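For reference, the chains in residue letters:
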There are 2 protein chains.
Amino acid sequence: MSEKVSVEKKVLSKNDELAAAIRRRLSERKIVSLNLVSSPGSGKTSLLEKTLAALDKDISMAVIAGDVQTENDAIRLVKAGGKVVEPIVTGGACHLDANMVTQALAKINLAGVELLFIENVGNLVCPSSYDLGEDMKVVLMSTAEGDDKPLKYPAMFRRSSAMVVNKIDLLGQSDFDLERARKNARTINAQLHMFELSCRNGTGLDSWYQWLRGLVQAKRNA
Amino acid sequence: MSEKVSVEKKVLSKNDELAAAIRRRLSERKIVSLNLVSSPGSGKTSLLEKTLAALDKDISMAVIAGDVQTENDAIRLVKAGGKVVEPIVTGGACHLDANMVTQALAKINLAGVELLFIENVGNLVCPSSYDLGEDMKVVLMSTAEGDDKPLKYPAMFRRSSAMVVNKIDLLGQSDFDLERARKNARTINAQLHMFELSCRNGTGLDSWYQWLRGLVQAKRNA
């Protein structure tokens, strides 16, 4: 498999160059960029729907919405009030890469944009290896998934700066233990910002919004 | 990227050879083999826990339990009564491959085994490309995930022979629409056997068990 490994290294190194170029470009424009990663169905799109609606008056946002197939997520985000929403359909690929993001960015008018969300393909493994030029990765997990996910998919939690536990309205209806989830996550990455919320009933969304406002404010002042 | 594609083709072709050898070997022993695939947290391990406990008297079962990291699932399955449980820790790889399964099988005493479960890494994308020599793939999804998963991850649903919708005890607590999920799945694969169940409260498990018994019986008579 050494041939495979060496080709993968080349692919990753090319990816890193493109990601660095994206990072420079976004940084010049003072755009905060977050790469949202999770299992399929943890609620990345739901969180973005809520966020677009809640922060629209204060922050100019853009979304790149990646999926293996369909533009369903992008359509949902436009319906939720997203003004700048660019879909990427990977057509089978299990993660976004910096080349796809470069091409999507070329179709977006970034003038005035302050906050860019990149919604990755639903996959807790592969997206962890691909830098997209983002400021940080935000990993979501839902209380329906099992509290051992940080231990079983450590790379993703190690490379993320924030963790959102979604669907806390379902707590008590599964064996998911919030304290154990926190502990497992801290074992992998003690620096994780943690949010616990429900996109369905709104609990906990305020501190997520506050954190985003803070990131944008800090970049404005930078 | 053509170099990457050609190396991937070689890797897949080598994988197919190993998978064919596994298939011959299992077939000679009249072992039914199922490759369980799903997102992280859909309930593959929970379904196996229930199944091992329920069918232990009638069917001799073995499990190969794959994970990116930790042997947690294998430990759970032994606690649930699994007599032959072999873990595979991929150490980062996003799917099992036929080589890993070959190595795991070498550690298992297959004498008398009638039903082999291979629990793949939690990932709705990559495992769809790797034949493990199984009789069929069984794809799980949970009602907490969203009913559009078959459309967004079509390869997995197309290459599976059965679909298990788990966590139906949570129906009504999300926007998941069971009829829409069925319709989306049939759009991708009209031949899917469908099971709707709850590992938590036991609903629907009987028809799953009945199906497994039928598969084993058919192989005994073959």
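Preceding block: the structure.
Residues numbered from 1 in each chain as written. Chains lettered and ligands numbered in written order. Predicted model: local features only at pLDDT ≥ 70, side-chain atom pairs only at ≥ 80, totals over all residues. Heavy atoms only, no water.

Asks: Tell me about empty space enclosed by the protein, and name the residues and values.
Replies: Under the defined criterion, the tally for this structure stands at 3 cavities of 30 Å³ or more. For the largest cavity, the calculated volume is near 50 Å³. Class assignment of the residues belonging to the lining of the largest cavity gives a composition of 4 nonpolar, 6 polar and 4 charged. (1 Å grid on protein atoms, 1.4 Å probe; cavity = no way out; pocket = protein on both sides within 12 Å on 5 of 7 lines; lining within 4 Å. Points joined across faces, edges and corners; volume = space filled by probe spheres on them. Nonpolar A, V, L, I, M, F, W, Y, C, P; charged D, E, K, R; others polar.)

Asks: Break down helix α4 (residues 98–106) of chain B for me, with residues and values.
Replies: All names here are of chain B. Buried residues of α4: A98, M100, V101, A104 and L105, and no others. All buried residues of α4 fall inside an arc of 155° around its axis, so they share one side. Where α4 begins, the capping side chain belongs to D97, and its oxygen is found 3.1 Å from the backbone nitrogen of N99. (Buried < 20%, exposed > 50% of the residue type's maximum accessible area, 1.4 Å probe, protein only. Helix = DSSP H or I, 4+ residues; strand = E, 2+ residues; numbered from the N terminus. Arc of directions from axis to C-beta. Polar contact = N/O pair within 3.5 Å; in protein donor to acceptor, adjacent residues only side chain to side chain.)

Asks: Can you break down the relation of the copies chain A and chain B residue by residue, with the values?
Replies: Of the two same-sequence chains, chain A is brought onto chain B (RMSD 0.0 Å, axial shift 0.0 Å) by a rotation of 180°. Such values leave the two copies arranged in the relation of a two-fold axis. A share of 100% of interface residues in chain A that are also interface residues in chain B marks the association as one of identical surfaces. (Least-squares fit on C-alpha atoms with pLDDT ≥ 70 in both. Contact = heavy atoms within 4.5 Å.)

Asks: If you had to explain the sheet that holds strand β6 (residues 162–166) of chain B to someone new, which residues and values would you point to?
Replies: Residues and elements named next belong to chain B. Ordered by their spatial adjacency, 7 strands build an open sheet running β3-β2-β4-β1-β5-β6-β7, and the pairing between neighbours is parallel. Pairing within the sheet leaves two strands with one partner each, and these edge strands are β3 (85–89) and β7 (193–196). Within the sheet, the average angular offset between the axes of one strand and its neighbour, ignoring direction, is 20°. Alignment of β6 against β7, held across 4 bridges, turns out to be parallel. Bridging across to β7, V165 finds its partner in E196. In the packing of α4 onto the sheet, the strands contacted are β2 (61–67), β3 and β4 (115–119), and the crossing angle to β3 comes to about 145°. (Pairing = 2+ DSSP bridges. Axes fitted to C-alpha atoms, helices over the stretch in contact; angles between N-to-C directions.)

Asks: Give me the lowdown on the packing of aromatic side chains, citing residues and values where you can.
Replies: Overall, the coordinates contain 6 aromatic pairs over all chains when judged by the stated rule. For the ring pair A:F195 and A:W208, a centre distance of 5.6 Å and an interplane angle of 80° mean the geometry is edge-to-face. Of the two residues, A:F195 is situated in strand β7 (residues 193–196) and A:W208 in helix α8 (residues 205–221); the sequence distance between them amounts to 13 residues. By the burial criterion, A:F195 is buried, and A:W208 matches it. Centroid distance B:W208 to B:W211: 5.8 Å. Interplanar angle 35°. Geometry classified as tilted. (Phe/Tyr/Trp six-rings, centres within 6.5 Å; stacked < 30°, edge-to-face > 60°.)

Asks: Mind laying out the layout of surface pockets, listing which residues take part and the relevant values?
Replies: If you add up the space inside the second largest pocket, you get close to 830 Å³. Lining the second largest pocket are 41 residues, and of these A:G146, A:D175, B:S46, B:E49 and B:R76 lie nearest its centre. Of all elements in the fold, only α5 (149–152) and α7 (178–188) of chain A together with α2 (44–55), β2 and α3 (72–79) of chain B reach the threshold of two or more residues within the lining of the second largest pocket. Considered class by class, the residues forming the lining of the second largest pocket number 8 nonpolar, 15 polar and 18 charged.

Asks: Explain the interface of chain A and chain B residue by residue, including any values.
Replies: With 42 residues of chain A at the interface, the matching set in chain B holds 42 residues. Surface buried jointly by chain A and chain B totals about 3200 Å² across both partners, of which 54% is contributed by carbon and sulfur atoms. Ranking the residues of chain A by area buried against chain B places A:P40, A:K152 and A:Q173 at the top, with a combined share of 18%. The interface formed by chain A and chain B holds 6 salt bridges in total. (Buried area = accessible area lost by both parts, 1.4 Å probe. Salt bridge = Lys/Arg side-chain N within 4 Å of Asp/Glu carboxyl O.)

Asks: With reference to specific residues and values, describe the packing of α2(B) against α3(B).
Replies: For any two helices packed against each other, the geometry comes down to the angle between their axes and how far apart the axes lie. Residue and element names in this part refer to chain B. In the contact formed by α2 and α3, the axes pass within 9 Å of each other and the chain directions differ by 20°. Taken together, the axes of α2 and α3 lie roughly parallel to each other. Here α2 runs over α3; the crossing is right-handed. Contact residues: T45, S46, L48, E49 and L52 in α2; D73, R76 and L77 in α3. Per-class residue counts for the contact of α2 with α3 are 3 nonpolar, 2 polar and 3 charged. (Parallel < 35°, antiparallel > 145°, perpendicular 65-115°, else oblique. Left-handed = near helix turned anticlockwise from the far one by under 90°.)

Asks: Mind laying out the pattern of salt bridges, listing which residues take part and the relevant values?
Replies: Following the criterion strictly, the structure yields 32 salt bridges over all chains and no others. Here A:E114 and A:R220 are joined by a salt bridge, their closest N and O atoms 2.5 Å apart. A residue pair is termed long-range when its members are at least 10 positions apart, and A:E114 in the loop between α4 (98–106) and β4 (115–119) and A:R220 in helix α8 qualify at 106 residues. With its nearest N and O atoms 3.0 Å apart, the salt bridge here joins B:R200 to A:D175. One end of the pair, B:R200, is in the loop between β7 and α8 (205–221); the other, A:D175, is in the loop between β6 (162–166) and α7, on a second chain.

On their own, these measurements won't tell you what the molecule is for.
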